[in-house]
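Structure at a glance
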Amino acid sequence: MTRILLVEDDAAIRRALRRSLEDQGDAVAVAPDGMTGLRLVLSEQPDVVLLDLGLPDVDGLRMLGMLRGVSDVPVIVVTAQDDDRTVVKALDAGADDYVVKPFGTEQVQARIRAVLRRASRPTGGEGPVVVAGLSIDPRSRSASLDGERLELSRKEFDLLFLLASRSGEVVTKRELLAEVWQQPYGGAERTVDVHLSWLRRKLGETAAQPRYLHSVRGVGVRLADPGDE
Ligand code: CA
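Summarised in this report is the structure supplied together with it. (Residues numbered from 1 in each chain as written. Predicted model: local features only at pLDDT ≥ 70, side-chain atom pairs only at ≥ 80, totals over all residues. Heavy atoms only, no water.)

Our next topic: helix H7 (residues 173–180). Owing to its 3.6 residues per turn, the α-helix brings residues three or four apart onto one side. Within the span of H7, buried status applies to Leu176, Leu177 and Val180. The arc that holds every buried residue of H7, seen down its axis, measures 100°, which confines them to one face. Those residues of H7 hidden inside the fold are in contact with helix H6 (154–165), strand S10 (170–172), helix H8 (189–203) and strand S12 (220–223). Backbone geometry just downstream of H7 places Gln182 in the positive-phi region, at approximately 50°. (Buried < 20%, exposed > 50% of the residue type's maximum accessible area, 1.4 Å probe, protein only. Helix = DSSP H or I, 4+ residues; strand = E, 2+ residues; numbered from the N terminus. Arc of directions from axis to C-beta. Contact = heavy atoms within 4.5 Å.)

With that settled, consider the packing of aromatic side chains. Following the criterion strictly, the structure yields 1 aromatic pair and no others. When the ring of Phe157 is compared with that of Phe161, the centres are 6.3 Å apart and the planes differ by 10°; the resulting orientation is stacked. In this pair, Phe157 and Phe161 are both assigned in helix H6, 4 residues apart and thus about one turn of the helix distant. For the pair formed by Phe157 and Phe161, the shared burial category is buried. (Phe/Tyr/Trp six-rings, centres within 6.5 Å; stacked < 30°, edge-to-face > 60°.)

Bringing the pattern of salt bridges into the picture now. On inspection of all chains with the given rule, the structure shows 14 salt bridges. Asp137 is the salt-bridge partner of Arg139, the closest N and O atoms lying 3.7 Å from each other. What makes Asp137 buried here is its relative accessible area of 18%. Here the residues in one salt-bridge network are Glu8, Asp52 and Lys101, joined through shared partners. (Salt bridge = Lys/Arg side-chain N within 4 Å of Asp/Glu carboxyl O.)

Looking now at unusual backbone geometry. Residue Pro102 is bonded to the preceding Lys101 through a cis peptide linkage, with omega at -5°. By the secondary structure assignment, Pro102 is in the loop between strand S5 (97–100) and helix H5 (105–120). Positive phi is not limited to glycine here, since Gln45 has a value of about 45°. For Gln45, the location among the structural elements is in the loop between helix H2 (34–44) and strand S3 (48–52). The backbone of Arg141 sits at a positive phi, close to 50°, despite the residue not being glycine.

Octahedral metal centres with six donors ideally show angles of 90 or 180 degrees, and tetrahedral centres with four donors ideally show 109.5 degrees. Within the protein, Asp9 (OD), Asp52 (OD) and Gly54 (O) serve as the donor atoms for the calcium ion, at 2.2 to 2.3 Å. We note that the donor set of the calcium ion lies within a single chain, spaced as D-x42-D-x1-G. You can see Asp9 sitting in the loop between strand S1 (3–7) and helix H1 (11–23) and its partner Gly54 sitting in the loop between S3 and helix H3 (60–70), a full 45 residues away along the chain. On the basis of relative accessible area, Asp9 is assigned to the partly exposed category, the value being 33%. (Donors = N, O, S within 2.8 Å, 3.2 Å for Na, K, Ca; no water.)

Further remarks concern the sheet that holds strand S6 (residues 129–131). The sheet built from 4 strands is open, its strands ordered S6-S7-S8-S9 with antiparallel pairing. Only two strands of the sheet have a single partner each, and these edge strands are S6 and strand S9 (148–150). With direction set aside, neighbouring strand axes in the sheet form an average angle of 20°. Across 3 bridges, the pairing between S6 and strand S7 (residues 134–137) is antiparallel. Pairing of Val131 across the sheet is with Leu134, part of S7. Strand contacts of H6: S6, S7, strand S8 (142–145) and S9, with the helix running at about 115° to S7, the strand carrying the most contacts. (Pairing = 2+ DSSP bridges. Axes fitted to C-alpha atoms, helices over the stretch in contact; angles between N-to-C directions.)

Glancing now at the pairing of S8. On a regular strand, each side chain points to the face opposite its neighbour's, so the side chains alternate between the two faces of the sheet. Pairing geometry for S7 and S8, over 4 bridges, is antiparallel. Bridged to Asp137 within S8 is Ser142. Bridge count for S8 against S9 is 3 bridges, and the pairing is antiparallel. Among the inter-strand pairings, Ala143 is bridged to a residue of S9, identified as Leu150.

Okay, structure coming up:
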């Protein structure tokens, strides 16, 4: 049984979603606004939160920030339209995935299963990955370059860790969307581009003058030891 918290102000959507999730045996708590949602995150300790970004009392992205301040629970944000910028901001603010309204309940259920699979994936036993001056430790979720600690967002860290784990290999944007953003059927490749550009800035390099991160036009990206290039 999965304990789901649904934060949604639209009563019709709330009812329909609750019914279909309960039909498959999940326990569903509902909140009609952000403040109730935050309170329930703490009191109900849900396994996953479905968070509508258009709430009456608090901006959805601020809500996500407050939620992340108190909990690491996986969060799937629900956006009204396919607004790439909002989606990228939400993912960077700590959302694990997103769905765009209108959506089918089967899609939501698949996203929930995917984030839960990912959340339960064991990370113990994985040692740090080192490529030249770059060191990434999945256990402490810390990374450094030439001994200097890198301040990375969750997605930037996941992206860097995946690329470094497969250093020397070209990883496609589709694979990155599947692994880092749990979008196995593809999605906004621009999301990957945006995060790669942020990552490059933090590594002190550019797409035109790469050291570690090499774009392979039309294919993807390869993380390489600068000494091998
Ligand atoms: Ca709404």
